[in-house]
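Chain and residue survey
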Amino acid sequence: MDEERKLTNEVGAPVPDNEHAITAGPRGPVVMQDVWMMEKIAHFNREVIPERRMHAKGWGAYGSLTVTGDVSKYTRAKVLQPGKKTELFIRFSTVAGERGAADAERDIRGVAVKFYTEEGNWDLVGNNTPTFFIRDVHNFSDLNRAVKRDPRSGLRSAQNNWDFWTLLPETFHQTTIVMSDRGIPATFRNMHFYGEHTFALYNEKNERVWCKFHFHTKQGVKNLTDEEAEKICSTDRESHGRDLFESIERGEFPQWTMYIQVMTEEQAKKHYENPFDITKIWRHGEFPLIEVGTLELNRNPDNYYAEVEQAAFTPAHVVPGIGFSPDKFLQGRLFAYGDAQRYRLGINYNQIPVNRARVEVNDYHRDGQMRTDGNYGATPAYTPNSAGVWAAQPEVAEPPLDLEGAVYRFDPKEDPTDDNFRAGGELYRLLKEDKRALLIDNTTRNIASVTENIKYRHAVHCLLADTEYGERITAAMGLDLNRVKELSKLDNDGLIKATTGA
Ligand code: HEM
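Fair warning: this is a prediction, and the values are worked out from it, not measured in the lab. The numbers attached to residues start from 1 for each chain and follow its sequence in the written order. Local features are withheld for residues below a pLDDT of 70 in this predicted model, meaning they are given only at 70 or higher, and side-chain atom pairs are given and counted only at 80 or more; totals for whole chains, interfaces and linings count all residues. Just so you know, side-chain values use all the structure's heavy atoms and leave hydrogens and water out.

What follows is about the environment of Lys 435. For Lys 435, the position within the fold is in helix 11 (residues 433-447). For every residue, the accessible area (1.4 Å probe, protein chains only) is compared with the maximum for its type, and the residue is labelled buried under 20%, exposed over 50%, or partly exposed between those bounds. Judged by relative accessible area, Lys 435 falls into the partly exposed class, the value being 33%. Counting along the chain gives 255 residues from Lys 435 to Ser 180, while the straight-line C-alpha distance between them is 7.1 Å. Counting from the N terminus, the helices are DSSP H or I runs at least four residues long and the strands are E runs at least two residues long.

See the structure below:
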């Protein structure tokens, strides 16, 4: 038989029979010496690894970023220099659903991009919305507990969702987006995506600006109504993954235009809102989009588990010229991802081919489970050393950042510029009538099973954002407008008190 088609065990020895257990006599029990049977079963028992704590259901593809613009005055990152083409891997996901959940659910979509740059990997781990629900790391595990399954019933719970969202008014803009037509994208190809946070860029002269990353689909934005999505989910739970895979197989390569928004350090100091608060947006009229280049997806993975399930992204992976900002939510993420991946995939997860940098890695990390390279052989295991290998490179250090203020548990409510409803109101007023009607309809359906006190809270938030939005949602939910108006005169603590346990 052809050598390559020979069945072997896990160390390459030929297997004589793969269908009949070795038994003691024709009708007797299996014997221990059927070691191939035991190897098969034992391996099978261990094939499932933990799913991602959120963003568990996802799909991936390879592609490239080609820089067509010139942002070199802002950043020295080689991946963003004019004319540069860099290979990348992307993973799209839903957030709340488990690994087996349907794709076409109302939810935000995660979009994680790993750029294999000549200066090491840069991961941009974003979503299809320009903002986020919350802004303090402390709220993150709770957000996910509220949108995932109820601990008693094991069911998804609209009550838990809306209770949590309405108790934290900073979620309002994002909740409006999720309930709008954009809450269920038709495909991954038909949505924009964003880095969301404020990041830093710094140039050759070590001058820093703040920046946001945007990717606009060239396929056009297309969304599904609840009704369309319901039909799709009933026949195809993998609709988004199928669309991505099949379009790439057909040679229809989806593309996005990459843009940045830039704010100087001086502008940031004077900005009318906290520019490092992820629940706020930077308005395009004030901070115009600057074109960077084109991101294209053009190759499907060869193996889902190896490349998509084992992919590991973290906002902590940046390259010289791109840095973090004082955004405290971003700071929390810098720890979370690597920690999750050391648990999910093991300490040497960056040696898995999809995660491995395309440049030489010299990090002095040694040993650990599943070390599969040469473990740096005989090179010194410590630094500094007299052999002169792998010295740090001070020339890539980012510029120092001046900060001010006391160290304490800061509550943004103490910031008089903090307005949680402005952006949601602006979004409502931007929507044409058909989209406004859809937003009201989607919200009413989604919140239908929730208790009245929580509905009042949401109606008040809508009213604070926009009179028409508030009045329409109040009528659609069958609430008393006078009560909504009365409640809207209270501050947030008063509103919570008046609507808690009501
Ligand atoms: C403090 C806030 C946050 C924490 C602690 C956090 C934590 C995590 C963790 C632990 C994972 C699973 C990682 C893995 O197992 O590989 C994850 C996945 C993900 N998160 Fe977050 N996250 C936060 C906020 C955000 C925000 C604001 C965004 C979008 C801007 C985001 C986008 C994503 C995406 C896209 C994934 C899936 C990555 C993949 O495809 O493998 N997360 N997050």
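On we go.
Here the focus is the side chain of Asp 466. By secondary structure assignment, the location of Asp 466 is in the loop between helix 12 (452-465) and helix 13 (467-476). We classify Asp 466 as buried; its relative accessible area is 10%. Note on definitions: a residue-residue contact is assigned when non-hydrogen atoms from the two residues lie within 4.5 Å. Contacts of Asp 466, omitting those with residues within four sequence positions, involve Gly 425, Tyr 428 and Arg 429.

What follows is about the site of the ligand. Think of it this way: one heavy atom of a residue within 4 Å of a molecule or strand is enough to make that residue near it. Close contacts around the ligand come from 25 residues, with Arg 52, Arg 91, Asn 127, Tyr 337 and Arg 344 the closest. Taking Arg 344, its side chain carries an N or O atom lying 2.8 Å from an oxygen atom of the ligand. Secondary structure elements with two or more residues in the shell around the ligand: strand 3 (109-117), strand 4 (120-127) and helix 9 (328-344). Looking at which element gives the most residues to the shell around the ligand, the answer is helix 9, with seven residues. Polar contacts, as counted here, are pairs of nitrogen or oxygen atoms within 3.5 Å of one another; within protein the pair requires one atom able to donate a hydrogen and one able to accept it, and residues that are adjacent in sequence qualify only if both atoms are side-chain atoms.

As a further point, take the environment of Arg 283. Positionally, Arg 283 belongs in the loop between helix 7 (265-270) and strand 9 (290-299). Relative accessible area serves as the criterion here: at 11%, Arg 283 is assigned to the buried category. For the pair Arg 283 and Gln 261, spaced 22 residues apart in sequence, the C-alpha to C-alpha distance is 9.4 Å. Contact partners of Arg 283, with chain neighbours within four places excluded, come to Gln 261, Tyr 272, Glu 273, Arg 422, Ala 423 and Glu 426.

The rule for a salt bridge is simple: a side-chain nitrogen of Lys or Arg has to be within 4 Å of a carboxyl oxygen of Asp or Glu. With the rule as written, the count across this model stands at 34 salt bridges. Ionic pairing is found between Arg 99 and Glu 309, a salt bridge with its closest N-O pair at 2.5 Å. Note that Arg 99 is positioned in the loop between strand 2 (85-94) and strand 3 and Glu 309 in helix 8 (residues 304-309), a separation of 210 residues in sequence. Judged by its relative accessible area of 2%, Glu 309 is buried. Close ionic contact of Glu 265 with Arg 208 constitutes a salt bridge, the shortest N to O distance being 3.2 Å. Placement of Glu 265 in helix 7 and of Arg 208 in strand 7 (residues 208-217) is noted, with a sequence separation of 57 residues between them. Given a relative accessible area of 29%, Glu 265 falls into the partly exposed group. Residues joined in a network through salt bridges with shared partners are Arg 106, Asp 226, Asp 441 and Arg 445.

All right, on to the domain arrangement of the protein chain then. By convention here, the domain bounds are inherited from an automatic or database domain assignment. Partitioning the protein chain into structural domains gives domain 1 (1-47), domain 2 (58-128 + 185-351) and domain 3 (156-183 + 420-502). The gap between the C-alpha centroids of domain 2 and domain 3 is 29 Å. Counting residues at the interface gives 21 residues for domain 2 and 17 residues for domain 3. Around 1,400 Å² of area is buried between domain 2 and domain 3 when both sides are counted, 41% of it from carbon and sulfur atoms. Where domain 2 meets domain 3, there are three salt bridges. Taking the shortest distance from any N to any O, the salt bridge between Arg 445 and Asp 226 comes out at 2.8 Å. Residues are grouped as follows: Ala, Val, Leu, Ile, Met, Phe, Trp, Tyr, Cys and Pro are nonpolar; Asp, Glu, Lys and Arg are charged; all remaining types, including Gly, are polar. Class assignment of the residues belonging to the side of domain 2 that touches domain 3 gives a composition of eight nonpolar, four polar and nine charged. Defined in terms of a 1.4 Å probe, buried area is the accessible area two parts forfeit on being brought together, summed over both.

Those residues of helix 6 (residues 239-249) not exposed but buried are Ser 239, His 240, Gly 241, Asp 243, Leu 244, Ser 247 and Ile 248. On its buried face, helix 6 is in contact with strand 1 (58-67), strand 2, strand 3, helix 5 (226-235) and strand 9. Among the residues trailing helix 6, Gly 251 stands out with phi positive, at a value near 85 degrees.

Turning to unusual backbone geometry, a few remarks are in order. With omega at 0 degrees, the peptide bond leading from Thr 383 into Pro 384 counts as cis. Mapped onto the fold, Pro 384 is located in the loop between helix 9 and helix 10 (422-430). You will see that Asn 206, though not glycine, has its phi angle at about 60 degrees, which is positive. Within the secondary structure, Asn 206 is located in the loop between strand 6 (199-202) and strand 7. Its relative accessible area of 28% is what places Asn 206 among the partly exposed residues. We note that Met 370 has phi near 60 degrees; this positive angle belongs to a residue other than glycine.

Moving on to the nonpolar core. To define a nonpolar core, start from buried Ala, Val, Leu, Ile, Met, Phe, Trp, Tyr and Cys residues and group those joined through side-chain atoms within 4.5 Å. Membership of the largest hydrophobic core comes to 42 residues, with the highest contact counts inside it found for Phe 132, Phe 133, Ile 134, Leu 143, Trp 165 and Tyr 469. Within the residue set of this core, elements represented by two or more residues are helix 2 (140-147), helix 3 (158-167), helix 4 (172-179), helix 10, helix 11, helix 12, helix 13 and helix 14 (481-487). Tallying contributions element by element places helix 12 first for this core, with seven residues. Split by domain, the residues of this core number at least three in each of domain 2 (58-128 + 185-351) and domain 3 (156-183 + 420-502). Residues contacting Phe 133, with those up to four places away along its chain left out, are Ile 108, Leu 143, Trp 165, Glu 170, Thr 171, Gln 174, Thr 175, Val 178 and Thr 279.

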